[in-house]
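Tertiary structure, described
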Amino acid sequence: MPFSSEYLGSTLLVIVALSVVFFAAAAVALGYYLVFGENLAGLPQNLYTLSLSEYVIESSPEPIIVEVGKPVVFKIVNEGTVKHEVMFVPNLEMMAEMISSMAMKLQRENPDLSQEEIIEQIDKLHDTMMEEMIEEAMKGKAIGEEFMIELEPGESRVTTYTFLEPGIYVIACLELTGTFPEAHAQEGMFNQIIVVEG
Amino acid sequence: MFHYPFNPSELSETAKLWWDLFGFYLAVALILGAVIYASLVLIPVLYSRSRKSVDEIKPGVVPGDRGKTLYLAMIVLLIIAAFMSIFVESYISVNKLASLIEDEYGVNVDNLEQLQPGEVDGALIIEVRAFQWGWTFIYPNGVESDVLYLPEDRLVIFKVTSDDVFHAFAIPDLRVKIDAIPGQVNTSWTIPEKPGTYRIQCYELCGVGHAEMITKAVVLPQDLFDFWYKSMGEELKGLEGKG
Amino acid sequence: MAHRILQIKRWLFTTNHKDVGILYLVTSLYFFIIAGTLALLFRIQLSVPENDFLSAAKFNQAVTNHGLLMVFWFLSPLAFAFANYFVPIQLGAKDMAFPRLNALSYWLLLFGGLLVLAGFFVPGGTADFGWTAYAPLNTETFTPNPGANLTAFGLLMLIASVTVGTVNFLVTIFQLRAKGYKFLGLPMFTWGIFFTVLMMLWAFPSLQAALTLLAVDRILGATIFEAPKAGLIWDHLFWFFGHPEVYIVLFPGLALALDMISVFSRRPLFGRKVMIGALAAAAALSFGVYAHHMFMTGIDLSYLKIHMLTTELISVPFGIITILAIISMLGGAIRLTTPMLFAIGSIAVFIIGGFSGVFNSNPVLDIANRGSYWVVAHFHYVMVGAALFALLGGLYYWFPKMTGRMYNETLGKIHFIISFIGFNLLYFPMFFLIDMPRRIFTYPEWTGWGPLNFMATIGGFIFGLSHLIMFANLLYSLRHGPLADKNPWGAWSYEWMIDSPPSEFNFEGIPIVQGNRLTIAMADGAVTSMESHGNHLSPWPLLISLGPFLFLLGLGLWIAEAVFSLPLMLVGAIVFLYAVYGWFRDDFHERFKFEEPPEYKERWPFTNIHRVKLGMYFFLLGDAVFFAGLLGTYVFMRLEAGNTLPGLITHNILLGLLAVLLMLWSSVFMYVAARAAKLGNKTLALAGISLSIILALSYLVVTGFDWLAVFSAGFTLSDPAIASSATTALSHAIHLIAGLAVAAYLALKVWIRGFTGHVPETIDSLSLYWAFLAVVSIAIFTITYVF
Ligand code: HEM
Ligand SMILES: [Cu+2]
Ligand SMILES: [Cu+2]
Ligand SMILES: [Cu+2]
């Protein structure tokens, strides 16, 4: 009597058994997933959006984790109200110090210049001088079109990099508008790119 | 330097402690669980009524006690032994939570809440204030921030309190969690080991904004952290000077 | 028509334990449906990230009330539905020891639940601070929602219900066993209930203390829980209650599963005595583990280690029970009926729940677990899984006994399998959500919690809807099911030896146990004094509960500034007073008598104590915890909560001393009255009671003066130490006033009718009560006046 309830009982028990086996498996999966699963701090991605505003570089998703040798696309948007930049900085502390001491020096030497004029002057210096320095520093570490991207408010840019060495790469904004004589970075406008081996 | 994927137990010293323990517990649970489940499922199948005709239950007769004392004692002892192993492991791990930093940094964990900044070499003491609904992190140099910046590879001690109701301060990935209680300072510590951004969230129901008490902990390499810490501190001094 | 009305009257006024059991059953299932609907609502909200199906406020209210209703108004009452129906029968009794109090406990429970539900309809929302109601979130400042007051009132009514029920069950189990019935021979279910009520006796007063303090905060405008660190005292009081509470929910189901396993595998339990011992050990230990809910509160490290040890220790008895339950099936002839499947399913999920509990017991692991969905999974595996599955099994198991008809076995099994799968689909994913905080109304997409939550929601719907199969099955079978045998499962205990459904007094003769045989000796006229139907009805339990319900509803609405609140309060007060009067009047005319002749009962070890006095003993044992909780709060406030002044400064020591002396003498005179009543000396008894009353009244007046002085010296309830000691004094005074009402009534009765009925024993119990209050007044004095 295949449909008697006695028979059904044992059939159901088999189902229970199966589901119990399912749990055992699930429990093992739990262990595996938790121990060897994806990095809880984030997965390497190949597309990041960086939004710049006063005075942060925010990335989505966070944190920025990239695999060595894989091209990664950054979509950079200036959502602030002043000019910002994204610049690869080998030594942030030194660079920031340099910029702000330069600003202060200019101000001391030319007391008749307004803040805007000083910033303009430094911008020029910064563009020519730093560009070379950075190109030099990034050589062999990363491939990309430019390592210093300046954006006016509302402007955006898409660019691609391929990192060749694992490590932490710091990006920062060294503009001065609004934080004069300090750079935006000193207000916290920087972020880190974590480059890992695959 | 970095290999992907990061093992979650490498994210911090406390995470390592946690994952080692969790693995131990999981192993014990899976081994015991497998045996128990196997018997729970097999016995009813093997001894279903169609195969046997035992009937020791008689209406109106109080069933007697069954089971040889020897077997019963063995079962009880076996379970107690399993318990002992768990207990010993817990005891060691709880002590480890204290001794890990006691040995290395010479901190007395019994009165962490009285620690003053600078008292422990190399440690960073951060005051965490929870409120409805958000967080303020106060650094020894007076910097206040709503995002938590942490240095890599350095002992960080959190002194946690609340302005209004109970909250719980947690950085789950780093295995930090401690209640924020009005009128009381609780402490917790960790040593972050991997730069990155981690979720901070409140783990104790604190009103309608509870779900939104999320912010981030950014672990930076030492030099970058120092840059942030110093320039924010100078910023603050500048402001004070002017004001 | 007349029949109809009689029917309605029967259900409203019944005091028969089986009718009360059915009332409990229906009520609990009703709350199950409500709380389940709430759960489905917030599962929908959580199914996908960033959902806006429910707002944060609504979500929090849904979660809170889901928890409260499920734990207090569904799981426990379901267990107590069976307990009411079957414990007396399993003991061989004709009813509970105090049938009217039994009905009272039901009505208090029902109205308490209705108060909680009423909270939803108060403008401004109801309680939204979680079922644990952590302070200071639960205070007026942080949760102004007026509905929350109703929740607190509802819980207080529940506690009243539980207190009455607890005492009743303890006396019943101790004194109404059939002659010759040894404790060890009782079915496991009765054992489970026995330990459950013992835990209830000591656990609930702690919650009562916490809620009383909260009520003082919320209604009298004190700020006890807003003082620095004061939230911690809530934690202590709540979890001292809360941990035993989780076993209170579990034990009846677990014990019932053991009975079913034994019956359906046709073998006695393996190591039955060891299991009983294990239950006893777990019950005892349950009071010493609660700080594991406070691992993250920064409590003292050594305290934490002790509770870690005890928590891990408590998994030993549960391990023993589980393993012995499985071994019990070995070598049996197992019949996989619906109840048996539920019993096995219950054990199966209990194992997962228990193991996850051991994970939580380690404070280091708890860093991740605390406050996360892991804990949610853990306690649903034990509470919903283990307890509910077993109780649903019980519903099938006893359905033929309660209705005389059989349910449909195939549908029952289908119900089991669907609910089992749904349950696991619902809760297992939550173990993986160990990172996700509990009680958040939504979560950002980037957390990656979406898919597992979606899975859980699907499981939730499967689990929730699967019970419709059961409802349909049972409702249909109620009318149309095939007639059931007396003993369809071939079980052994008393309930299976009588008719299905049982007759009004269960046994047509006198149940007597000889050796290990349960028998029913034929009646020889001694028991035919068991009265007819009408005598079993009393409107007073209903009205005594309705009064406070209306009153508290009115009070809650009044605070919410709603209309009709004052008349409601007035009506409530009148109903209550009238009902109390009615109860006394019935007693005066001795219209309601129920007592089984002691010579047919096994009353070891309380052979010579009258049931009223035994009940009083139990009540006071619980009440002591209540006062200990209040006084403990005072001490905590003095030590921890900043600037509070010692009682030596705030109070007038001499007045306090005088009050204590008055109370002591009052109690001495009550004792004299009790002795006199025993000897039959009417004059002396009357004199004793009257003097005692006068002294107690002057105690109240003197204490009142002292408090007036305190307040006029400028102290207010915003001082947490003052507020907590005032709460203690107030609670003591309320106890005394209730006692005075009874004392006055007894004096009147003695005066007019002499020592009839149980009057001497009642006076004796009252003198015990008085002695207790005297001791409490000494404690109050030494702690709140001196410290
Ligand atoms: C093997 C035995 C058990 C152990 C070792 C155990 C351990 C624990 C621990 C340590 C916690 C605290 C977790 C936390 O909040 O961080 C906890 C929570 C809880 N347990 Fe258990 N448990 C056990 C059995 C049970 C049983 C039998 C029940 C109920 C029938 C239960 C119900 C609960 C509930 C309701 C909570 C959460 C309370 C809340 O926060 O709302 N547990 N358990
Ligand atoms: Cu900038
Ligand atoms: Cu919160
Ligand atoms: Cu507990």
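Definitions and limits used
Residues numbered from 1 in each chain as written. Chains lettered and ligands numbered in written order. Predicted model: local features only at pLDDT ≥ 70, side-chain atom pairs only at ≥ 80, totals over all residues. Heavy atoms only, no water. Helix = DSSP H or I, 4+ residues; strand = E, 2+ residues; numbered from the N terminus. Buried < 20%, exposed > 50% of the residue type's maximum accessible area, 1.4 Å probe, protein only. Contact = heavy atoms within 4.5 Å. Areas by Shrake-Rupley, 256 points an atom, 1.4 Å probe, with all protein chains shown as cover. Donors = N, O, S within 2.8 Å, 3.2 Å for Na, K, Ca; no water. 1 Å grid on protein atoms, 1.4 Å probe; cavity = no way out; pocket = protein on both sides within 12 Å on 5 of 7 lines; lining within 4 Å. Points joined across faces, edges and corners; volume = space filled by probe spheres on them. Near = heavy atom within 4 Å. Polar contact = N/O pair within 3.5 Å; in protein donor to acceptor, adjacent residues only side chain to side chain. Nonpolar A, V, L, I, M, F, W, Y, C, P; charged D, E, K, R; others polar. Domains from an automatic or database assignment. Buried area = accessible area lost by both parts, 1.4 Å probe. Salt bridge = Lys/Arg side-chain N within 4 Å of Asp/Glu carboxyl O. Pairing = 2+ DSSP bridges. Axes fitted to C-alpha atoms, helices over the stretch in contact; angles between N-to-C directions. Core = buried A, V, L, I, M, F, W, Y, C linked by side-chain atoms within 4.5 Å. Phe/Tyr/Trp six-rings, centres within 6.5 Å; stacked < 30°, edge-to-face > 60°. Lys NZ or Arg CZ within 6 Å of the ring centre and 35° of its normal.

When you go through chain A residue by residue, the secondary structure sums to three helices and ten strands. In sequence order, the secondary structure elements of chain A are arranged as α-β-β-β-β-β-α-α-β-β-β-β-β. The proportion of buried residues among the 198 residues of chain A is 47%. By sequence separation, contacts in chain A at least 24 residues apart represent 70% of the contacts at least 6 residues apart. Summing over all exposed atoms, chain A offers an accessible surface of approximately 9,300 Å²; the carbon and sulfur share of this is 58%.

Residue and element names in this part refer to chain C. No protein donor other than His378 (NE2) coordinates the iron atom of ligand 1, and that contact is at 2.2 Å. The distance between the iron atom of ligand 1 and the copper ion (ligand 4) is 4.5 Å. Relative to the assigned elements, His378 resides in helix 12 (residues 373-403).

Once that is clear, we can look at empty space enclosed by the protein. Rolled over the atoms, a probe with the dimensions of a water molecule shows which regions are left empty. Residues and elements named next belong to chain C. Within this structure, the stated rule accounts for 13 cavities of 30 Å³ or more. Considered as a void within the structure, the largest cavity measures approximately 160 Å³ in volume. In terms of lining, the largest cavity is formed by 16 residues, of which the most central are Tyr24, Phe80, Ser161, Val162 and Met200. At six residues, helix 5 (residues 147-175) tops the list of elements feeding residues into the lining of the largest cavity.

Residue and element names in this part refer to chain C. As a structural note, the neighbourhood of ligand 1 is formed by 23 residues, with Val246, Asp366, Arg370, His378 and Arg438 the closest of them. Between ligand 1 and Arg370 there is a distance of 2.5 Å, counted from an oxygen atom to a side-chain nitrogen or oxygen. At a separation of 2.8 Å, an oxygen atom of ligand 1 approaches a polar side-chain atom of Arg438. Taken together, the elements giving at least two residues each to the shell around ligand 1 come down to helix 7 (231-264), helix 9 (301-329), helix 10 (338-360) and helix 12. Tallied by class, residues from the shell around ligand 1 come to ten nonpolar, ten polar and three charged.

Accessible area lost on assembly of the parts is the figure often given for the size of an interface. Residues and elements named next belong to chain C. Per the domain assignment, the segments making up chain C are domain 1 (2-532) and domain 2 (609-784). Centre-to-centre, using C-alpha coordinates, domain 1 lies 35 Å away from domain 2. Of the residues lining the interface, 29 residues belong to domain 1; the matching set on domain 2 comes to 27 residues. Summed over both sides, the interface of domain 1 with domain 2 buries roughly 2,300 Å², with 78% coming from carbon and sulfur. The shortest N-O distance in the salt bridge between Lys229 and Glu640 comes to 3.2 Å. Our count for the contact surface shared by domain 1 and domain 2 stands at six residue pairs in polar contact (both at pLDDT 80 or more). For the side of domain 1 that touches domain 2, the secondary-structure elements that each account for two or more residues are helix 5, helix 6 (188-220) and helix 7. By residue number, the principal contributor to the side of domain 1 that touches domain 2 is helix 6, which donates ten residues. For the side of domain 1 that touches domain 2, the residue count by class is 22 nonpolar, six polar and one charged.

Topologically, Ala278 of chain C is positioned in helix 8 (residues 272-285). What Ala278 of chain C contacts, discounting residues up to four positions off in sequence, is Pro317, Ile320 and Ile321 of chain C.

According to the stated counting rule, one finds 22 salt bridges over all chains in the structure shown. Between Lys83 of chain A and Glu150 of chain A there is a salt bridge whose closest N-O contact spans 3.8 Å. Note that Lys83 of chain A is positioned in the loop between strand 4 (71-78) and strand 5 (84-88) and Glu150 of chain A in strand 7 (residues 148-151), a separation of 67 residues in sequence. On the basis of relative accessibility, which here comes to 19%, the residue Lys83 of chain A falls in the buried class. Put simply, Lys230 of chain B and Glu93 of chain A hold a salt bridge, and the shortest N to O gap is 2.4 Å. Note that Lys230 of chain B is positioned in helix 3 (residues 222-242) and Glu93 of chain A in helix 2 (residues 92-109), a pairing that runs across two chains.

Residue and element names in this part refer to chain A. Those donors, His84 (ND1), Cys173 (SG) and His184 (ND1), are the protein atoms that reach the copper ion (ligand 2), and they lie 1.9 to 2.1 Å from it. Along the chain, the residues donating to the copper ion (ligand 2) are arranged with the sequence spacing H-x88-C-x10-H. Of this pair, His84 sits in strand 5 while Cys173 sits in the loop between strand 9 (167-172) and strand 10 (190-196); the two residues are 89 residues apart in sequence, bridging distant segments of the chain. The residues His84 and Cys173 share a single accessibility class, namely buried.

This part is about the sheet that holds strand 6 (residues 167-171) of chain B. All names here are of chain B. Overall, mixed pairing links the five strands, which are arranged 4-10-9-6-7 in an open sheet. The sheet is open, and its two edges are formed by strand 4 (148-151) and strand 7 (176-180), each paired on a single side. Averaged over all adjacent pairs, the angle separating strand axes in this sheet is 20 degrees, with direction ignored. With six bridges joining them, strand 9 (residues 196-202) and strand 10 (residues 214-220) adopt antiparallel strand pairing. By the bridge assignment for strand 10, Ile200 is matched with Thr215.

Once that is clear, we can look at the nonpolar core. In this structure, Leu148, Phe158, Phe169 and Ile171 of chain B together with Phe72 of chain C are the most contacted members of the largest nonpolar core, which totals 414 residues. If you look at the next biggest cluster of nonpolar residues, it comprises 13 residues, including Val107, Val109, Val120 and Leu155 of chain B.

A few words on the environment of Gln61 of chain C. Residue and element names in this part refer to chain C. Residue position: Gln61 is located in helix 3 (residues 56-91). Look at Gln61 and you get buried, because its relative accessible area is 14%. Each C-alpha atom of the pair Gln61 and Ala127 lies 5.9 Å from the other, and the pair is 66 residues apart in sequence. In contact with Gln61, not counting residues within four places along its chain, are Phe120, Gly125, Thr126, Ala127, Asp128 and Asn145.

For the structure shown, the criterion picks out 107 aromatic pairs over all chains. Summarising the aromatic geometry, the rings of Phe189 of chain C and Trp398 of chain C are spaced 5.1 Å apart at their centres and angled 70 degrees between planes, so their arrangement reads as edge-to-face. Separated by 209 residues along the polypeptide, Phe189 of chain C in helix 6 and Trp398 of chain C in helix 12 bring together distant segments of the chain. Here Phe189 of chain C and Trp398 of chain C have matching classes, each one buried. Aromatic side chains Phe399 of chain C and Tyr407 of chain C sit 6.5 Å apart centroid to centroid with 75 degrees between the ring planes, which places their arrangement in the edge-to-face category. The exposure class of Tyr407 of chain C is buried, given its relative accessible area of 4%. Across the ring face of Trp18 of chain B, the terminal group of Arg175 of chain B is positioned such that the distance to the ring centre comes to 4.1 Å.

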